[in-house]
Amino acid sequence: MSFSAGTMIGNCQGLRDLFKVIAKVAPTDSTVLVTGESGTGKELLVRALHSNSLRKDKPFVPINCGAIPKELLESELFGHEKGAFTHAIRSRPGRFELADGGTIFLDEIGEMELSLQVKILRVLQEKEFERVGGAGAKKVDVRIVAATNRDLEEEVRTGRFREDLFYRLNVIPLHLPPLRDRGNDVLLLAESFLRRFCDKKNRALLTLTPKARELLLGYSWPGNVRELENFMERLSILCDNDAVTVDDLPEKILREVGMDPPKRTAEAAPAGFVWPMIKDLRDNNMGLKDFLDIVEERLLREALDMSSGVKNQAAEILGIKRTTLIEKLKKRQWEE
Ligand SMILES: Nc1ncnc2c1ncn2[C@@H]1O[C@H](COP(=O)(O)OP(=O)(O)OP(=O)(O)O)[C@@H](O)[C@H]1O
Ligand SMILES: [Mg+2]
């Protein structure tokens, strides 16, 4: 049975074993539950699963259950009939109907309310559902794939996730190991990202010095592949030389691997606020938008790191709504 991992890179034993399981599961209609810390590649894996399935020419419909306000999620999933609620001026199909014949990807399923979980269970068991305000059941032929970075067994124990749904979803569990457990894959990924970003920016390929490689391997990557990818993109913009040296690595990595960070204005945490001035923008060859983007990105990343990728918490730390956070992540393509 062959399986093409698409753009998914991984040569460590953990990923190879996973690819073997996916090769067997992809052509079936089994329900799959993908788990793994934030940024480990859950979405990429689900897309690879769909494109290796018999449904590959049919729709792949992702929905992020944590990004859509609770009141709207049911109608997003199942659609609604005209007049079902105040703004329902016309009938509209939901994602399940749009996915008919294909795969629906219920991302962040751990965020779903119990009342909706029952309705997902019904689709799994009876292959039918009802639009909001609808009078009759509709049938669909949809493969359900779900993902979460929560520990669903723990959620079941604490009563936040239905046990019956958990077992129905967890027919084929696929767990993506954190990047820190993938050994040399860190370097494989880093080099592939550098190639991609340097190409895109039309600059000579950046290489990694032996010391930089060693430090990248020693770092714990709490934000996993996404953190590595963003970091390589940053290097492709900010690194002036042809090789990435220790001096180019952020303080966070150096501290963690037990090295004293050199004093550098760009990466050093400012003591109190240092308001940027036009001169700073000019020195860095940046416009206002680039600058604000980088500031925002740094704060987003820090909040996600502080919360180990738990978006509710990160949003709280930043004082923004969870849905706003997810919009921002989407814009950076850190999110579907
Ligand atoms: N094995 C891999 N090879 C290449 N790129 C990868 C790999 N794993 C993840 N990525 C890249 O890392 C980023 C994050 O991956 P993805 O969005 O699939 O993670 P996730 O587990 O769904 O994260 P979250 O829990 O935050 O939603 C994406 O840009 C993805 O393309
Ligand atoms: Mg995801």
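Since this is a predicted model, take the numbers as computed values, not measurements. Per chain, residues are indexed from 1 in the order of the written sequence. Both sets of labels track the order of writing: A upward for chains, 1 upward for ligands. For a predicted model such as this one, the threshold for reporting local features is a pLDDT of at least 70, and the threshold for listing and counting side-chain atom pairs is 80 or more; totals across whole chains, interfaces and linings nevertheless cover every residue. Side-chain metrics rest on all non-hydrogen atoms present in the structure, leaving aside hydrogens and water.

1. Description of the sheet that holds strand E9 (residues 172-175)
For step 1, the next point in the chain: In short, DSSP must find at least two bridges between two strands for them to pair. Helix and strand definitions here come from DSSP, where helices need a minimum of 4 consecutive H or I residues and strands a minimum of 2 consecutive E residues; each element is numbered from the N-terminal end. Reading across the sheet, the five strands line up as E2-E5-E8-E1-E9 and stay open at both edges, with parallel pairing between neighbours. With one partner strand each, in any of the chains shown, strand E2 (60-64) and E9 form the two edges of the open sheet. On average, each strand axis in the sheet is inclined to that of its neighbour by 20 degrees, with strand direction left out of account.
For step 2, the next point in the chain: Across four bridges, strand E5 (residues 103-107) lies against strand E8 (residues 143-148) in parallel orientation. Axis lines are fitted to C-alpha atoms, over the contacting stretch for helices. Their N-to-C directions set the angle, which ranges from 0 to 180 degrees.

2. Focus on the packing of aromatic side chains
For step 1, the next point in the chain: Two rings from Phe, Tyr or Trp (for Trp, the six-membered ring) form a pair when their centres sit within 6.5 Å of each other. Planes less than 30 degrees apart are called stacked, planes more than 60 degrees apart edge-to-face, and all others tilted. All told, the structure shown has seven aromatic pairs when counted by the stated rule.
For step 2, the next point in the chain: Put simply, the rings of Phe78, Phe96 and Phe129 pair up and form one aromatic cluster.

3. Focus: the environment of Leu106
For step 1, the next point in the chain: Mapped onto the elements, Leu106 comes out in strand E5.
For step 2, the next point in the chain: Summary of the burial criterion: residues with accessible area below 20% of their type's maximum are buried, those above 50% are exposed, and those between are partly exposed, where the area comes from a 1.4 Å probe applied to protein chains only. In this structure Leu106 comes out as buried when scored by relative accessible area, which is 0%.
For step 3, the next point in the chain: Between the C-alpha atom of Leu106 and that of Leu152, which follows or precedes it by 46 residues, the distance is 14 Å.
For step 4, the next point in the chain: Any two residues whose heavy atoms approach within 4.5 Å are treated as being in contact. In contact with Leu106, other than residues within four places in its own chain, are Ile63, Cys65, Leu77, Ile120, Ile144, Val145, Ala146 and Ala147.

4. Re the pattern of salt bridges
Side-chain pairs of opposite charge can arise whenever the charged atoms involved come near each other.
For step 1, the next point in the chain: When a carboxyl oxygen of Asp or Glu is within 4 Å of a side-chain nitrogen of Lys or Arg, the pair counts as a salt bridge. The full count for this structure, using the stated rule, is 31 salt bridges.
For step 2, the next point in the chain: Notably, a salt bridge pairs Glu97 with Arg131, separated by 3.0 Å at the nearest N-O pair. One end of the pair, Glu97, is in helix H4 (residues 95-98); the other, Arg131, is in the loop between strand E6 (128-130) and strand E7 (137-139), with 34 residues separating them in the sequence.
For step 3, the next point in the chain: A salt bridge links Glu111 to Arg150, with the nearest nitrogen and oxygen atoms 2.9 Å apart. Pair noted here: Glu111 is in the loop between E5 and helix H5 (114-126) and Arg150 is in the loop between E8 and helix H6 (152-157), with a separation of 39 residues, a long-range link.

5. Some thoughts on the domain arrangement of the protein chain
For step 1, the next point in the chain: Domain segmentation is taken from an automatic or database assignment of domains. Assigned domains of the protein chain: these are domain 1 (13-177) and domain 2 (180-331).
For step 2, the next point in the chain: If you average the C-alpha positions of domain 1 and of domain 2, the two centres end up 32 Å apart.
For step 3, the next point in the chain: Facing the 15 residues of domain 1 at the interface are 13 residues of domain 2.
For step 4, the next point in the chain: In this assembly, domain 1 packs against domain 2 so that about 1200 Å² is buried in total across both faces, 37% of it on carbon and sulfur atoms.
For step 5, the next point in the chain: Looking at the side of domain 1 facing domain 2, the largest losses of area belong to Glu37, Ser38 and Gly39, adding up to 36% of the total buried there.
For step 6, the next point in the chain: For the pair domain 1 and domain 2, the number of links is three salt bridges.
For step 7, the next point in the chain: With a shortest N-O distance of 2.7 Å, Lys311 and Glu108 are connected by a salt bridge.
For step 8, the next point in the chain: Here a polar contact means two N or O atoms within 3.5 Å. Within protein one must be a hydrogen donor candidate and the other an acceptor candidate, and residues neighboring in sequence count only if both atoms are side-chain atoms. Taken together, domain 1 and domain 2 are joined by 10 residue pairs in polar contact (both at pLDDT 80 or more).
For step 9, the next point in the chain: In terms of residue class, the side of domain 1 that touches domain 2 is built from five nonpolar, six polar and four charged. Simply put, the buried area is the total loss of 1.4 Å probe accessible area from both parts when two parts are fitted together. Under the scheme applied here, ten amino acids are nonpolar (Ala, Val, Leu, Ile, Met, Phe, Trp, Tyr, Cys and Pro), four are charged (Asp, Glu, Lys and Arg), and all others, including Gly, are polar.

6. Here we look at the pairing of strand E1 (residues 32-35)
For step 1, the next point in the chain: Where E1 and E8 come together, four bridges link them in parallel fashion. Within E8, the residue paired with Thr35 across the bridge is Thr148.
For step 2, the next point in the chain: Both E1 and E9 contribute to a ladder of four bridges, which runs parallel. Looking at E9, one finds that Val34 is bridged to Leu174.

7. Considerations on helix H1 (residues 13-25)
Residues separated by three or four positions in an α-helix point in the same direction, a consequence of the helix having 3.6 residues per turn.
For step 1, the next point in the chain: Each residue after the first adds 1.5 Å to the expected span of a helix. For H1, with 13 residues, the first-to-last C-alpha span of 18 Å sits near the 18 Å given by 1.5 Å per residue.
For step 2, the next point in the chain: If you check which residues of H1 are buried, you get Leu15, Leu18, Phe19, Ile22, Ala23 and Val25. Seen along its axis, H1 keeps its buried residues to an arc of 165 degrees; they face one direction. Exposed positions of H1 whose direction lies more than 90 degrees from the buried face are Lys20 and Lys24.
For step 3, the next point in the chain: Of the surrounding secondary structure, the elements contacted by the buried residues of H1 are E1, helix H2 (42-51), E8 and E9. Directions from the helix axis toward the C-beta atoms define the arc.

8. So, unusual backbone geometry
For step 1, the next point in the chain: Even without being glycine, Glu108 reaches a positive phi, approximately 55 degrees.
For step 2, the next point in the chain: Its place among the elements puts Glu108 in the loop between E5 and H5.
For step 3, the next point in the chain: Its relative accessible area of 7% is what places Glu108 among the buried residues.
For step 4, the next point in the chain: Of note in the backbone geometry, Asn202 takes a positive phi value of approximately 55 degrees without being a glycine.

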